[in-house]
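# Topology and contacts: notes
One-letter residues, chain by chain:
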Amino acid sequence: PSSYKVVVVGGGSAGLSVASTLAETLGNKSVAVVEPSDVHYYQPLWTFVGSGLKTFDESKMAMSEVMPEKAQWIKDSVASFNPTKNTVVLANGESISYDYLVVAAGIQVNWGKIKNLPETLGKNGVTSNYSAQSVQKTDEFIKAFKGGNALFTMPSTPIKCAGAPQKIMYLAEEQWRKAGIRDQTKINYFTGLGKIFAIDKYANELLKICKARNLSINYFTDLAEIRPNSKEAVFNVLAGDAKGSTVTFPYDFLHVTPPMGAPDFIKASPLSNADGWVDVNMETLRHNKFDNVYALGDCSSLPTSKTAAAITAQSAVLKNNLLGDIFGDNKEVAKYDGYTSCPLVTGSDKLILAEFSGYTGQPQETFPFDQSKERFSTYLLTKEIIPEIYWKAMVKGNWDGPAKYRKLFGAA
Ligand code: FAD
Ligand code: UQ1
């Protein structure tokens, strides 16, 4: 059986940002990346792709091009973990052993949990930015829309990028306004949660925007079923007097954010906590039971909101602590503070740049101005500069996030 110093599970945003540095530091073929996909996606661009502001091609790269040169790419998926034996088993049945394991397999999108979603997605006005297969349909359906009922949904489960379900609503509303069909259009946002955004500083501004732009918000309503023949969406009511009942809404356009959760193969493994996530210490990113195992990104138990931006800070902490283990050089233990960010695009020239700690609930803004106000500068940063940083630095292991700029600018 093959054996590696470090095995990294997943070649997404988290896996590559860690594997690149480790492969560079530990040398040729010491690090293996297990990743089944031929393509690596920069998913944050999908909000822009779904509204026609970027092309789909700009969001993708051949996996062979982003895979670190000195890492061994194992093109298969992990089927199960044996952390007591320091091995993982691949889908093809082969076992691989490691000294250290990094789990970065992302979140699982549970399309099948919405009745009729798998078969209706991409057809007759039903779409989602959460899949490479349907994100371009969002742009197509927004542009083909002739007025009527437009619905945007957000589930009650944890998801990646909690702002994305509403960003696409703002971008669609702007297009319909410019097309002159806004007064024939009713826009409804349905969220399974009781707030539009977790952090009040940003939620308050978003609520003002929804009010000014006549976007109706429905709380504690969780999409359960799509009826394609009658073009209706059925929601479970999760709270209030009508709790336990359902409400049905007609749609002409429906953007779905499906429920998500821990990947099944992690849930079924000894690595998971009660909710199925890889059970790691929230500061050190080390596994709570198996000392030679780490995790980061969307599949981890880290109690902050799941974004690529959060991974910039997590990967720096993880690499510091794992390399400290390997070289035993008493390097100071690094601690993750819960940093995350959500660039809330509110139009084709403006954005609210939420940056905060999911651990304290306090804003952690980079720039010396109030980032809760819509701005063109942060829009340009997100649309043009951060993607460059991603491809040129983050996937190569050279971007630790904006923390040092925050200190430089002297912001809180
Ligand atoms: P991923 O990048 O999803 O990578 C997981 C990898 O693991 C994949 O390559 C997959 O093939 C692989 N894998 C899965 N199962 C296995 C297995 N069994 N064995 C081996 N490999 C496996 N974040 C932001 O910071 N800002 C944004 O503006 C933003 N907007 C977003 C908008 C949308 C529409 C979406 C969908 C996401 C957005 N995100 C945003 C979130 C961001 O894309 C994710 O948080 C980030 O990609 C998570 O990285 P990850 O490595 O944990 O998971
Ligand atoms: C970021 O570093 C990052 O990763 C490359 C993102 O992912 C898409 C982000 O969305 C954001 C906001 C950041 C933070 C970077 C700056 C300069 C504020």
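Residues numbered from 1 in each chain as written. Chains lettered and ligands numbered in written order. Predicted model: local features only at pLDDT ≥ 70, side-chain atom pairs only at ≥ 80, totals over all residues. Heavy atoms only, no water.

## Notes on the overall build of the protein
On a plain count of helices and strands, the protein comes out with eleven helices and 21 strands. For 412 residues, the compact-globule formula gives about 22 Å, and the C-alpha radius of gyration of the protein, at 21 Å, lands near that figure. Over its C-alpha atoms, taken along the principal directions, the protein stretches across nearly 65 × 50 × 40 Å. Expressed as a percentage of its 412 residues, the buried residues of the protein come to 56%. Expressed as a percentage of contacts within the protein between residues at least 6 apart in sequence, the contacts between residues at least 24 apart total 65%. (Helix = DSSP H or I, 4+ residues; strand = E, 2+ residues; numbered from the N terminus. Rg over C-alpha atoms; globule rule 2.2 N^0.38 Å. Buried < 20%, exposed > 50% of the residue type's maximum accessible area, 1.4 Å probe, protein only. Contact = heavy atoms within 4.5 Å.)

## Digging into the pattern of salt bridges
Enumeration according to the criterion identifies 25 salt bridges in this entry. Put simply, lysine 70 and glutamate 24 hold a salt bridge, and the shortest N to O gap is 3.2 Å. Placement of the pair is lysine 70 in the loop between α3 (63–66) and β5 (72–74) and glutamate 24 in helix α1 (residues 13–26), with a sequence separation of 46 residues. Between arginine 213 and glutamate 173 there is a salt bridge, with its nearest N and O atoms 2.9 Å apart. Pair noted here: arginine 213 is in the loop between α7 (200–212) and β13 (216–218) and glutamate 173 is in helix α6 (residues 164–178), with a separation of 40 residues, a long-range link. Each of the salt bridges in this network shares a partner with another, and the network as a whole consists of Lys54, Glu58, Lys383 and Glu384. (Salt bridge = Lys/Arg side-chain N within 4 Å of Asp/Glu carboxyl O.)

## Thoughts on the site of ligand 2
In the region of ligand 2, 15 residues are neighbours, and Tyr42, Thr312, Ser341, Pro343 and Trp399 sit closest. Tryptophan 399 is positioned such that a nitrogen or oxygen atom in its side chain is 2.8 Å from an oxygen atom of ligand 2. Expressed as a share of its isolated accessible area of 430 Å², the protein-covered part of ligand 2 is 95%. The set of elements that each furnish at least two residues to the shell around ligand 2 consists of α9 (308–327), β20 (339–347), β21 (350–357) and α10 (376–394). For the shell around ligand 2, a count of residues per class yields eleven nonpolar, three polar and one charged. (Near = heavy atom within 4 Å. Polar contact = N/O pair within 3.5 Å; in protein donor to acceptor, adjacent residues only side chain to side chain. Areas by Shrake-Rupley, 256 points an atom, 1.4 Å probe, with all protein chains shown as cover. Nonpolar A, V, L, I, M, F, W, Y, C, P; charged D, E, K, R; others polar.)

## Some details on the packing of α1 against α9
Between α1 and α9, the least distance of the axes is 10 Å, while the angle of their chain directions is 35 degrees. Helix-helix and strand crossings are classified by hand; for α1 and α9 the assignment is right-handed. For the pair α1 and α9, the contacting residues are Ser13, Ala14, Ser17, Val18, Thr21, Leu22, Thr25 and Leu26 in the first and Ile311, Ser315, Leu318, Lys319, Leu322, Leu323, Ile326 and Phe327 in the second. Here the residues of the contact of α1 with α9 sort into ten nonpolar, five polar and one charged. (Axes fitted to C-alpha atoms, helices over the stretch in contact; angles between N-to-C directions. Left-handed = near helix turned anticlockwise from the far one by under 90°.)

## Points about α1
Helix length check: α1 (14 residues) gives 20 Å between terminal C-alpha atoms against 20 Å at 1.5 Å per residue, within 8%. Counting buried positions over the 14 residues of α1 gives twelve, a clear majority of the element. Residues of α1 that are buried include every one of Ser13, Ala14, Gly15, Leu16, Ser17, Val18, Ala19, Ser20, Thr21, Leu22, Ala23 and Leu26, and no others. Downstream of α1 by one or two residues, glycine 27 has phi in the positive range, about 95 degrees. (Expected span 1.5 Å × (residues − 1).)

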